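# Fold and contact review
Here are the chains, one letter per residue:
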Amino acid sequence: MRLYSFFRSTACFRVRIALALKGLTCETIPINLLQGEGEHQAPAFAEINPQRMLPVLVTDDGERITQSLAICEYLEDLRPAPPLLPASPSKRAYVRALAAAMASDIHPLHAIRVSRYLERAFDADAQARRAWGQHWIREGLLAIEASLKRGGHTGRYCCGDEISLADVFLVPQLASAIHYGVAIDDLELVGQIVGRCLEQPAFQAALPEKQPEAA
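Residues numbered from 1 in each chain as written. Predicted model: local features only at pLDDT ≥ 70, side-chain atom pairs only at ≥ 80, totals over all residues. Heavy atoms only, no water.

### Things to note about the overall build of the protein
- Looking only at helices and strands, the protein has 9 helices and 4 strands in total.
- A compact globule built from 215 residues should have a C-alpha radius of gyration of about 17 Å, and the protein, at 17 Å, falls within 12% of that.
- Referenced to the eigenvectors of the C-alpha coordinate spread, the extents of the protein come out at roughly 45 × 45 × 30 Å.
- A total of 215 residues make up the protein; the buried ones form 46% of that total.
- Within the protein, contacts between residues separated by at least 24 positions form 68% of all contacts whose residues are at least 6 apart in sequence.
- Of the roughly 10700 Å² of accessible surface on the protein, 53% is carried by carbon and sulfur atoms.
- Between the averaged position of the 22 positive side-chain charges in the protein and that of its 25 negative side-chain charges there is a distance of 1 Å. (Helix = DSSP H or I, 4+ residues; strand = E, 2+ residues; numbered from the N terminus. Rg over C-alpha atoms; globule rule 2.2 N^0.38 Å. Buried < 20%, exposed > 50% of the residue type's maximum accessible area, 1.4 Å probe, protein only. Contact = heavy atoms within 4.5 Å. Areas by Shrake-Rupley, 256 points an atom, 1.4 Å probe, with all protein chains shown as cover. Lys, Arg positive; Asp, Glu negative; His and termini not counted. Charge placed at Lys NZ, Arg CZ, Asp CG, Glu CD.)

Listed below in structure tokens is the structure:
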């Protein structure tokens with residue numbers, strides 16, 4: 001398999017965690033999102049993914065899978081153990097809802113392309129763009145914290161005492177919060193769960209600073 005990735009990308013971070021948890025390896029093809037307008041804007045990459053977004057996983061059969069949530073679910077189907085989705089239908093839905101909240105509601109609002117559009121279309125300076133990101137990340141994580149407190153499923157991790165896709169998505173999202181300087185001291189459960197995740201070798205191996213292109 002091949003993974004088109006950028007080491008600082010939140011979405012790519014999720015996929016690296018899932019790959020490591022599943023014990024799967026693949027060739028990484030780095031795509032720099034920050035160089036000029038970003039290498040993902042090149043026509044050659046548009047042939048790989050018309051959305052011009054990362055990550056993209058190319059399977060052993062040559063299929064191209066986009067969107068981090070779809071990639072992680074593909075990896076779950078490809079190698080069911082260890083499971084990243086609970087057996088209970090209601091708990092599976094709960095985990096998927098948490099993951100989707102981060103992938104679809106929080107992350108898109110502070111993505112690089114949004115920041116660049118704010119600068120280009122609305123003349124938002126760096127401080128304004130940072131404030132925008134801080135607002136949406138914090139609002140989203142406060143909702144995640146509330147969900148963890150009232151959902152009735154929280155244990156050592158987001159859903160019980162086993163790592164799930166919700167944890168795979170939570171760790172990169174909190175990393176983005178720290179990068180943006182978001183106040184996180186009151187995110188008690190989020191912080192505890194992320195701390196436990198980062199004790200695991202798979203999460204450590206997937207950290208942005210551990211990637212070859214980060215050197």
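Having seen the model, we can carry on.
### A short note on the packing of helix α4 (residues 89-106) against helix α7 (residues 165-179)
- It is at 7 Å that the axes of α4 and α7 come closest, and there the two elements cross at 30°. As far as their axial angle goes, α7 and α4 are roughly parallel. The hand of the α4/α7 crossing is left-handed. Contacts between α4 and α7 pair V95, L98, A99, M102, A103 and I106 from the former with L165, A166, F169, L170 and Q173 from the latter. (Axes fitted to C-alpha atoms, helices over the stretch in contact; angles between N-to-C directions. Parallel < 35°, antiparallel > 145°, perpendicular 65-115°, else oblique. Left-handed = near helix turned anticlockwise from the far one by under 90°.)

### Things to note about α4
- Between its first and last C-alpha, α4 extends 25 Å over 18 residues, near the 26 Å set by a 1.5 Å rise per residue.
- Its maximal kink placed at A100, α4 deviates by approximately 30°.
- Of the positions making up α4, those classed as buried are Y94, V95, L98, A99, A101, M102, A103 and I106.
- Tucked inside the fold, the buried residues of α4 contact α1 (10-22), α3 (68-78), α6 (126-150) and α7. (Expected span 1.5 Å × (residues − 1). Bend = angle between axes of the 7 residues up to and from the residue.)

### Quick notes on the nonpolar core
- Residues I144 and L170 are the most contacted members of the largest nonpolar core, which totals 51 residues.
- Of all the secondary structure elements, the ones that give two or more residues to this core are α1, α3, α4, α6, α7, α8 (188-197) and α9 (201-205).
- Among the nonpolar cores identified, the runner-up in size contains 12 residues, and Y4, F7, L54 and V58 belong to it. (Core = buried A, V, L, I, M, F, W, Y, C linked by side-chain atoms within 4.5 Å.)

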